[in-house]
Amino acid sequence: MDNDGINLDLWNKLSAVQKKTRIEFALKIIINVAQIQKQSLKNIKKFGNPDAERFLYFEKTLDDIWENIKFAISLGKGKNRKFAFYPARSVLENFFRLDYFTQQNPQEQKNIAMMEALKVCKIMYDQEKTNNHTEGMKSFNNHYQKVSDGTYQDIDSINLSSLDAFPSMKEMMKRSNLLDGNEWYFIYRSLSESAHGKFMARLIRELDDRAEYIRSLMCLNRIAIETIKITDFHLRFKTKDDVKRVIIQAKSIIERQQS
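Quick summary incoming for the structure in this document. (Residues numbered from 1 in each chain as written. Predicted model: local features only at pLDDT ≥ 70, side-chain atom pairs only at ≥ 80, totals over all residues. Heavy atoms only, no water.)

## A word on the overall build of the protein chain
Item 1. Each helix and strand in the protein chain was counted, giving 11 helices and zero strands.
Item 2. Going residue by residue from the N terminus, the α and β elements of the protein chain occur as α-α-α-α-α-α-α-α-α-α-α.
Item 3. In the protein chain, buried positions account for 44% of the 259 residues.
Item 4. Per element, the accessible surface of the protein chain, about 14500 Å² overall, is 50% carbon and sulfur. (Helix = DSSP H or I, 4+ residues; strand = E, 2+ residues; numbered from the N terminus. Buried < 20%, exposed > 50% of the residue type's maximum accessible area, 1.4 Å probe, protein only. Areas by Shrake-Rupley, 256 points an atom, 1.4 Å probe, with all protein chains shown as cover.)

Here it is in structure tokens:
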């Protein structure tokens, strides 16, 4: 187990209530550091000169990760906590895309950001075209041309699949900087089984909705830690001390001996 993982020997001795309380608290203090990082990113945008496409993609993907983590925690108090696997799955997808994005050189990062934007324009344009909405087509085509700047085929000619900026989830996890990246594919598949309403996933979920919630938050705890590390890297380690501190604190909260 790496330094950021949970000591399962200690974890398994805790009651369900203790697990839930501790993992929620740990995530909340990690979110506090994420807020510090978010402010740093805002300052860069305000006073610096970031590469527009790359910066926007990174910033919006981060926002989505943290919004989904907060959403998962918000489900913990009610009967809907068993559905925390939905935001957990979304977080995994966005994190491993962000991890892959971070590994690329600046030009390739720009290409990824452009392709993600162009793909949305293409999807919406095709929908408007199907419905014969001329104004909508014009609007999305204008956005497409502005982003593409002549680099890609025109919106009518380009194939949607050619705008896929990322490899498969399995491949991204295999290439991940996480030491146990390959193991995350099993976790991702398990979350997908739940998200797709598969029979066995529903049975397991209905047996113990709190356990399902805790399992989702355990995944999110690890991903939250990795996310603040990636963000700190992009901030050129401006929040290094905050990141180190909160990792130690979160681990201590989860693993402290029972009184």
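## Here's the deal with helix α4 (residues 85-103)
Item 1. Here α4 is 19 residues long and its end C-alpha atoms lie 27 Å apart, about the 27 Å a rise of 1.5 Å per residue gives.
Item 2. Of all the 19 residues making up α4, 16 are buried; the element is thus mostly covered by neighbouring parts of the structure. (Expected span 1.5 Å × (residues − 1).)

## A look at the pattern of salt bridges
Item 1. Per the counting criterion, the structure on display carries 13 salt bridges.
Item 2. Of the charged contacts in the structure, one is a salt bridge between R222 and E226, with a shortest N-O distance of 3.2 Å. Taken together, the residues R222 and E226, both in helix α10 (residues 209-234) and four residues apart, mark about one turn of the helix. The pair R222 / E226 is uniform in exposure class, with both members buried.
Item 3. Here R245 makes a salt bridge to D242, at a shortest N to O gap of 3.1 Å. One end of the pair is R245 and the other is D242, both in helix α11 (residues 240-255) and three residues apart, which spans about a single turn. (Salt bridge = Lys/Arg side-chain N within 4 Å of Asp/Glu carboxyl O.)

## A word on the packing of aromatic side chains
Item 1. Per the stated rule, a full pass over the model turns up 10 aromatic pairs.
Item 2. A connected cluster of aromatic rings, assembled from ring pairs, spans Y57, Y100, F101 and F166. (Phe/Tyr/Trp six-rings, centres within 6.5 Å; stacked < 30°, edge-to-face > 60°.)

## Overview of the packing of helix α2 (residues 16-47) against helix α3 (residues 52-74)
Item 1. Remark: α2 packs on α3, axes separated minimally by 11 Å, with the N-to-C direction vectors making an angle of 155 degrees. In terms of their interaxial angle, α2 and α3 are classed as roughly antiparallel. The handedness of the crossing between α2 and α3 is left-handed. Of the residues in α3, those in contact with E24, L27, K28, I30, I31, A34, Q35, K38, L41, I44 and K45 of α2 are F55, F58, E59, L62, D63, W66, I69, K70 and I73.
Item 2. Of the residues that constitute the contact of α2 with α3, the class distribution is 12 nonpolar, one polar and seven charged. (Axes fitted to C-alpha atoms, helices over the stretch in contact; angles between N-to-C directions. Parallel < 35°, antiparallel > 145°, perpendicular 65-115°, else oblique. Left-handed = near helix turned anticlockwise from the far one by under 90°. Contact = heavy atoms within 4.5 Å. Nonpolar A, V, L, I, M, F, W, Y, C, P; charged D, E, K, R; others polar.)

## Things to note about unusual backbone geometry
Item 1. Although it is not a glycine, D149 adopts a positive phi angle of roughly 55 degrees.
Item 2. Its place among the elements puts D149 in the loop between α6 (134-148) and α7 (169-175).
Item 3. Taking the relative accessible area as the measure of exposure, D149 reaches 65% and is therefore exposed.

## Points about the nonpolar core
Item 1. Core analysis: the largest hydrophobic core is formed by 61 residues, its most contacted members being W66, I69 and F96.
Item 2. Of all the secondary structure elements, the ones that give two or more residues to this core are α2, α3, α4, α5 (106-130), α7, α8 (183-195), α10 and α11.
Item 3. Per-element tally for this core: the top contributor is α10, with 10 residues.
Item 4. Contacts of W66, omitting those with residues within four sequence positions, involve I30, I31, A34, A224, T227 and I228.
Item 5. Core analysis: the next-biggest nonpolar cluster, separate from the first, contains eight residues, C121, Y144, I155 and I158 among them. (Core = buried A, V, L, I, M, F, W, Y, C linked by side-chain atoms within 4.5 Å.)

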